Amino acid sequence: MSAKKTDRGADTRAWQRMLSGRRLDLLDPSPLDIEIADVAHGLARVARWNGQTIGAHIFSVAQHTLLVETVMRHENPRVDQRMRLAALLHDAPEYVIGDMISPFKAVLDGHYKAVEKRLLGAIHIRFGLPPVLPDEITLAIKAADSGAAYLEATTLAGFSESEAKRLFGKDPGLSDSVRRDYLTPWTAARAEKQFLERFGAVFA
């Protein structure tokens, strides 16, 4: 059991047990303790925008990652499989640490980012990616993430177009049919299923 000492000297549990049976250490995560079924299950049940979105269901991080990967393919039609996998996994640490909105991350300073970075590095290794991505891939994912955030903000989270443009940048220009599908909040079961299906397509 991994633990850290608090100021009071007591042991604090620093791992989470997954439904797969794995026990993931949050302070020193091992790639061997990461299973894609756990990732998909967790992300499908974590809400984007702190749940402040319209619809009968939450807009999950799993659905968001699928939208980001779709935006990336739209903006970079020749994007390779490795970049698509990296886009799909860009928020994967949130399956154990949740999705904190950017203002709260700023309040926590660097502590959240340090845990998130270690988890993402372990996830990358588990699925054949370098622990730290090349800058061009990171920038492409960030651009696609911003495009997805613009769409979510204006369609689901009550932002005006001018406010979303100032905060997230431009509308990525997806087709109406793609927008309707990816911006209609899915059930957790559907989000989990579609995440796993897409993972299977890009992790070959």
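For the structure, see preceding data.
Only a predicted model underlies this, so the values are computations on that prediction, with no experimental measurement involved.

About the cut-offs
Residues numbered from 1 in each chain as written. Predicted model: local features only at pLDDT ≥ 70, side-chain atom pairs only at ≥ 80, totals over all residues. Heavy atoms only, no water. Helix = DSSP H or I, 4+ residues; strand = E, 2+ residues; numbered from the N terminus. Buried < 20%, exposed > 50% of the residue type's maximum accessible area, 1.4 Å probe, protein only. Areas by Shrake-Rupley, 256 points an atom, 1.4 Å probe, with all protein chains shown as cover. Salt bridge = Lys/Arg side-chain N within 4 Å of Asp/Glu carboxyl O. Axes fitted to C-alpha atoms, helices over the stretch in contact; angles between N-to-C directions. Parallel < 35°, antiparallel > 145°, perpendicular 65-115°, else oblique. Left-handed = near helix turned anticlockwise from the far one by under 90°. Contact = heavy atoms within 4.5 Å.

Colleague: Give me the overall build of the protein chain: which residues, what numbers.
Modeller: A count of helical and extended segments in the protein chain gives 10 helices and 4 strands. Reading the protein chain from its N terminus to its C terminus gives the helix and strand order β-β-β-β-α-α-α-α-α-α-α-α-α-α. The buried share of the protein chain, reckoned over its 204 residues, is 43%. As presented, the protein chain carries roughly 10800 Å² of accessible surface, and 53% of it is formed by carbon and sulfur atoms.

Colleague: Describe the pattern of salt bridges, naming the residues involved and giving the relevant values.
Modeller: The tally for this structure, following the rule as stated, stands at 12 salt bridges. A salt bridge links Glu 152 to Arg 48, with the nearest nitrogen and oxygen atoms 2.8 Å apart. Placement of the pair is Glu 152 in helix α7 (residues 135–155) and Arg 48 in the loop between α1 (36–43) and α2 (61–75), with a sequence separation of 104 residues. For the pair Glu 152 and Arg 48, one class covers both residues: buried. Here the salt bridges share partners, and the residues they tie into one network are Arg 22, Asp 33, Glu 35 and Arg 126.

Colleague: Let's hear about the packing of α2 against helix α3 (residues 81–88): which residues, and what values?
Modeller: Contact geometry of α2 with α3 gives a least axis separation of 8 Å together with a crossing angle of 150 degrees. As far as their axial angle goes, α3 and α2 are roughly antiparallel. Crossing of α2 against α3: the hand is right-handed. Residue-level contacts link Thr 65, Leu 66, Val 68, Glu 69, Met 72 and Arg 73 of α2 to Met 83, Arg 84, Ala 87 and Leu 88 of α3.

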